[in-house]
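# Fold and contact review
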Amino acid sequence: MTIQDLPDYMQNPETEAWLARLQKRKAALAAKRVFDVAASLVILTVTSPFFLLLALAVKLDSKGPVFYRQVRVGRYGRDFRIFKFRTMVQNADKIGLSLTVGDDPRITRVGRFIRRCRLDEFSQLLNVLGGSMSLVGPRPEVRRYVNAYAPEYMATLLVRPGITAPSSIAFKDEDKLLEASSDPEKAYVEQVLPPKMKLNLEYLKNISLWGDIKILFQTAAAILK
């Protein structure tokens with residue numbers, strides 16, 4: 001992979017410097033991928049009965065598919081469809097904001113429980129197995145927010161997006177933070193996105209398998225708290 005192989009909007013000096021830096025961490029990135037696949041297989045195998053019960057609860061609670069397959073921007077700027085247990089009414093993205101803010105009326109009864117326990121992200125283990133995501137990495141954004149990235153933020157698209165990240169832990173209650181804003185999307189782009197991206201770049205700087213394992217434990221502790 002060279003800077004010329006990336007989409008035009010990613011071709012800048014900052015991204016090129018990060019690309020060279022990450023190419024020196026090929027062994028760490030390979031170990032990270034092996035861990036992702038092995039851990040995802042074990043988790044899905046052990047929790048498959050609960051996975052099926054959760055899918056059934058979503059289906060029985062409201063009309064619509066079990067999964068919400070939203071298009072996100074992944075590694076190297078390529079679009080992919082993320083697996084999330086559906087927590088909102090069908091076609092919620094067509095009747096409201098892309099963001100979920102506070103006590104959103106589009107959220108279903110089962111959806112509120114799923115969101116409170118962060119179980120909607122659980123199905124992204126399927127994305128991890130498929131290779132479009134990692135257990136740990138910068139959270140994938142929709143294209144409209146990627147279009148708002150500053151040049152240095154494009155470097156976060158050099159690695160697989162993750163189910164969790166330090167930025168996810170720090171901003172686990174961002175919907176509540178945005179609820180007070182008269183323009184949640186503007187507040188997200190101007191106030192929330194910059195500090196999240198700085199945390200994502202810090203993650204890239206120290207990326208490692210052991211670092212990922214530590215972040216997974218921190219995520220579990222944050223959810224239980």
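This section reports on the structure supplied with the text. (Residues numbered from 1 in each chain as written. Predicted model: local features only at pLDDT ≥ 70, side-chain atom pairs only at ≥ 80, totals over all residues. Heavy atoms only, no water.)

This next bit is on a nonpolar patch on the surface. Together, Leu53, Leu56 and Leu60 make up an exposed nonpolar region whose accessible area comes to about 340 Å². With respect to the secondary-structure elements, leucine 56 resides in helix H2 (residues 26-61). (Patch = residues over 30% accessible without salt bridge, like charges linked within 9 Å, V, L, I, M, F, W, Y side chains within 5 Å. Areas by Shrake-Rupley, 256 points an atom, 1.4 Å probe, with all protein chains shown as cover. Salt bridge = Lys/Arg side-chain N within 4 Å of Asp/Glu carboxyl O. Helix = DSSP H or I, 4+ residues; strand = E, 2+ residues; numbered from the N terminus.)

This part is about the nonpolar core. Nonpolar side chains tend to gather and get buried jointly when the protein is soluble and globular. Among the nonpolar cores identified, the biggest contains 51 residues, and Phe85, Ile114, Leu135, Tyr149, Leu157, Leu158 and Leu204 are the most heavily contacted of them. The set of elements that each furnish at least two residues to this core consists of helix H1 (13-23), H2, strand E2 (79-85), helix H3 (109-116), helix H4 (125-130), strand E3 (134-136), helix H5 (143-146) and helix H8 (184-205). With eight residues, H8 is the largest single contributor of residues to this core. For isoleucine 114, the contacting residues outside a window of four places in its chain are Leu54, Val58, Phe85, Thr87, Leu119 and Asp120. (Core = buried A, V, L, I, M, F, W, Y, C linked by side-chain atoms within 4.5 Å. Buried < 20%, exposed > 50% of the residue type's maximum accessible area, 1.4 Å probe, protein only. Contact = heavy atoms within 4.5 Å.)

You can see glycine 64 is positioned in the loop between H2 and strand E1 (67-73). The sequence separation of glycine 64 and methionine 88 amounts to 24 residues, and the corresponding C-alpha distance is 9.4 Å. Excluding residues that lie within four positions of it along the chain, glycine 64 makes contacts with Lys59, Arg86 and Gln90.

What follows is about the side chain of glutamate 174. Inspection of the secondary structure puts glutamate 174 in helix H7 (residues 174-179). For glutamate 174, a relative accessible area of 17% corresponds to the buried category. Polar side-chain contacts of glutamate 174 include one of 3.1 Å to the side chain of lysine 196. Residues contacting glutamate 174, with those up to four places away along its chain left out, are Tyr188, Val192 and Lys196. (Polar contact = N/O pair within 3.5 Å; in protein donor to acceptor, adjacent residues only side chain to side chain.)

Attention now goes to the packing of aromatic side chains. As enumerated under the stated definition, the model contains eight aromatic pairs in all. The rings of Phe50, Phe51, Phe67, Phe83, Phe85 and Phe122 are connected pair by pair, giving a single aromatic cluster. Note that arginine 69 overlies the ring of phenylalanine 83, its terminal NZ or CZ placed 3.8 Å from the centroid. (Phe/Tyr/Trp six-rings, centres within 6.5 Å; stacked < 30°, edge-to-face > 60°. Lys NZ or Arg CZ within 6 Å of the ring centre and 35° of its normal.)

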